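Notes for the structure review
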Amino acid sequence: MLTWQKGQLVLSEIKSRYGVSVNGVRAQGGTVVQERDFFSVACFSFYYKEGCLYTSGSEKIQVRGLRETVERKPSTVFVYPKFQRNTRICYKVEQTEIEIRPPAALPVLQKKGMVFTILPALVMLAMTIILRGVIGGGGMFVVYSAVSMGMGILMTVAAKVQDSREYKQKLCQRQENYQDYLQEKQELIQASRVNELRVLRLTYIALEESLKDVEDFGRRLFEKSMEDPDFLEVYLGTGRVESVNQVKYDRQESADVQDALAALPERMAESYRFIEDAPVTVKLMDFCGVGVVGARRQLEALFQNMTLDLAIRHFYKDVKLVYILDREWAERFDWVRWLRNVENENLDVRNIICDEESRKLLLEYLYGILSEREQIFAGNKGGVFGEHYVVLVADSESVCRHPVSKYLECCRDYGFTFVFFEEYEEKIPRGCGQLIYLGEEGRGQVFEAKNKEKAVSFVWPRIRDSAAKRAARRLGAICVDEVTLEEQLTKSISMFELLGIISADDLDLGKRWGESKVYQDMTAPLGRKSGGESAVLDISDRIQGHGPHGLVAGTTGSGKSEVLQTYILSMATLFHPHDVSFVLIDFKGGG
């Protein structure tokens, strides 16, 4: 029962089989619920904040007499934390050939000047006047000749003026027609660029949108798979990228400097060569290593962004993250340990190197994987590996001093990519095919090491530390059901679940011991098989038994100690100490 007493929320247990707990501790009597406390009743959990109770939606919870609001509507049918990878809807930029034809040929205008056109008529008129003046007589003939020749001159001048006027009209008409044509092409190019930008933003989701997907438990989590062309293509930010649909034009015909229209196709092609505010990415799959250079604060920001994008968009069984950090970096990014991508099931540790012990263990582990894959690659003359390792390094000296460094220039063939974060360019090891330079105000450049001239500038988003930690916590709790024989096995099971109880209070040892018959069988549960069936061990020497002797074998971290502990606890809950005794011998100590 929850009651409001003297300005405080008090939780009291009236009748409950399994009790009531506050922040994981069983409540005794009337317990005051403080701000931001969690409390649970049976299988229902609640969170108290600023006078409101928060809980996940359930048909079994009915609210009467209190105001109820939905804080966040689910964006999918999935109920956190159970998730199912679904069919990815891909977006593709349509390949459209946009070609601008050159303008029509210039109209022809006779280049002979006005003087040269009427000069013969003027000369003939002058000769007629002179000859008649010398010979004498024929005044009317002179007048007639002058009028005839004058009319010829006038007609010639009029025709010349008309030709010039028509030429100008043709020039204007040619310019208007070509401008209309270019306007149509411009609208087509703009529509193409808008669509291309839309597709790019849908394919390479902004990090802010990715964090929203985590918060809303969106369907696009873990959407990238190894078969996708954008697998391990990590979002960096937004910038000016070259369009895949470049405008084509005839360069030779457009080189006419006498024609102003001839230069327009080239100008238009250049003005639409790039797309502004488009997603900028780095393709980790294409390189053995990527080097990131910048000030410490900028390095930390991009380190955080790349980690989040990798963990949100890539399935934790396809992409394994390994962190090689110094002490300061490890403390700064302690939240990466919650990510499923850093889980190392073989060693039962997190793939985080931050001290001498973890450095020795994990670098040897990575070296072993690389050596094994090298042999597989050489034997098969190529190969595709089930897991791709992305190693984020903020302590490059640890790598360079270890034999694993010999793979830095060829590790891409073995399913590895190293990303180095350094404040000085000269500390970036060999083998990095792409470099990222980080500047002030959230700006940077990414380019291939072989050609810096094609550098792409970008602006990266600023993500708050609290948002990153919250996303990591939510991602760490997500479990994905996959229909495979391995996935049908329960990955982890508590001792309570194994014994079929909810709390220690349900463990009625008197009844269990009284009902056991050690002389008939010594069956004890060890775990779960596929389908939820119990896996049991019976060390009796009867025909159906497994005993009387046994051997538990396995590599380091495989779970030998856990099996023994589980078996001892199971036997202790089923058989009285007078029936079964344990003699524990630990030769190496610490078992």
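This text follows the structure it describes.
Predicted model only: the values in this text are computed from it and were never measured.

For the rest of this paragraph, the subject is the sheet that holds strand β8 (residues 52–54). Reading across the sheet, the five strands line up as β4-β3-β6-β7-β8 and stay open at both edges, with antiparallel pairing between neighbours. A single partner strand is all that each edge strand has here, and the edge strands are β4 (25–26) and β8. Bridging between strand β6 (residues 38–41) and strand β7 (residues 44–49) involves four bridges; their strand directions are antiparallel. Bridge pairing in β7 links V41 to F44.

Further remarks concern the side chain of K224. Looking at where K224 falls in the secondary structure, it is placed in the loop between α3 (207–216) and β11 (233–242). Judged by relative accessible area, K224 falls into the buried class, the value being 3%. Of the polar contacts made by the side chain of K224, one reaches the backbone oxygen of E233; its length is 2.9 Å.

As a further point, take the environment of K224. Each C-alpha atom, one on K224 and one on R88, is 7.8 Å from the other, the two residues being 136 residues apart in sequence. Beyond its immediate chain neighbours, meaning those up to four positions away, K224 contacts R85, R88, D230, F231, E233, R313, H314, F315 and D318. A polar atom in the side chain of K224 sits 3.5 Å from the backbone oxygen of D230.

If you walk across this open sheet you meet the 10 strands as β13-β11-β23-β22-β21-β14-β20-β19-β15-β18, and the pairing is mixed. Every other strand in the sheet has two partners, leaving β13 (274–283) and β18 (352–353) as the edge strands with one partner each. Inspection of the sheet shows strand β14 (residues 289–293) paired to strand β20 (residues 416–422) by five bridges, in the parallel sense. Note on β20: the bridge partner recorded for V290 is V419.

Next up on the list: the nonpolar core. L284 and Y323 are the most contacted members of the largest nonpolar core, which totals 64 residues. Broken down by element, the residue count for this core peaks at nine residues, all from helix α5 (residues 296–313). Residue contacts for L284: discarding those within four places in its chain leaves L232, V234, V290, M306, L310, V390, T417 and V419. By size, the runner-up hydrophobic cluster in this structure holds 29 residues, among which are L363, Y365, Y414 and F420.

What follows deals with α5. With 18 residues, α5 extends 26 Å from end C-alpha to end C-alpha; this agrees with the ideal 26 Å at 1.5 Å per step. For α5, the buried fraction is high: 16 of the 18 residues fall into the buried class.

Quick notes on the rules
Residues numbered from 1 in each chain as written. Predicted model: local features only at pLDDT ≥ 70, side-chain atom pairs only at ≥ 80, totals over all residues. Heavy atoms only, no water. Pairing = 2+ DSSP bridges. Helix = DSSP H or I, 4+ residues; strand = E, 2+ residues; numbered from the N terminus. Buried < 20%, exposed > 50% of the residue type's maximum accessible area, 1.4 Å probe, protein only. Polar contact = N/O pair within 3.5 Å; in protein donor to acceptor, adjacent residues only side chain to side chain. Contact = heavy atoms within 4.5 Å. Core = buried A, V, L, I, M, F, W, Y, C linked by side-chain atoms within 4.5 Å. Expected span 1.5 Å × (residues − 1).

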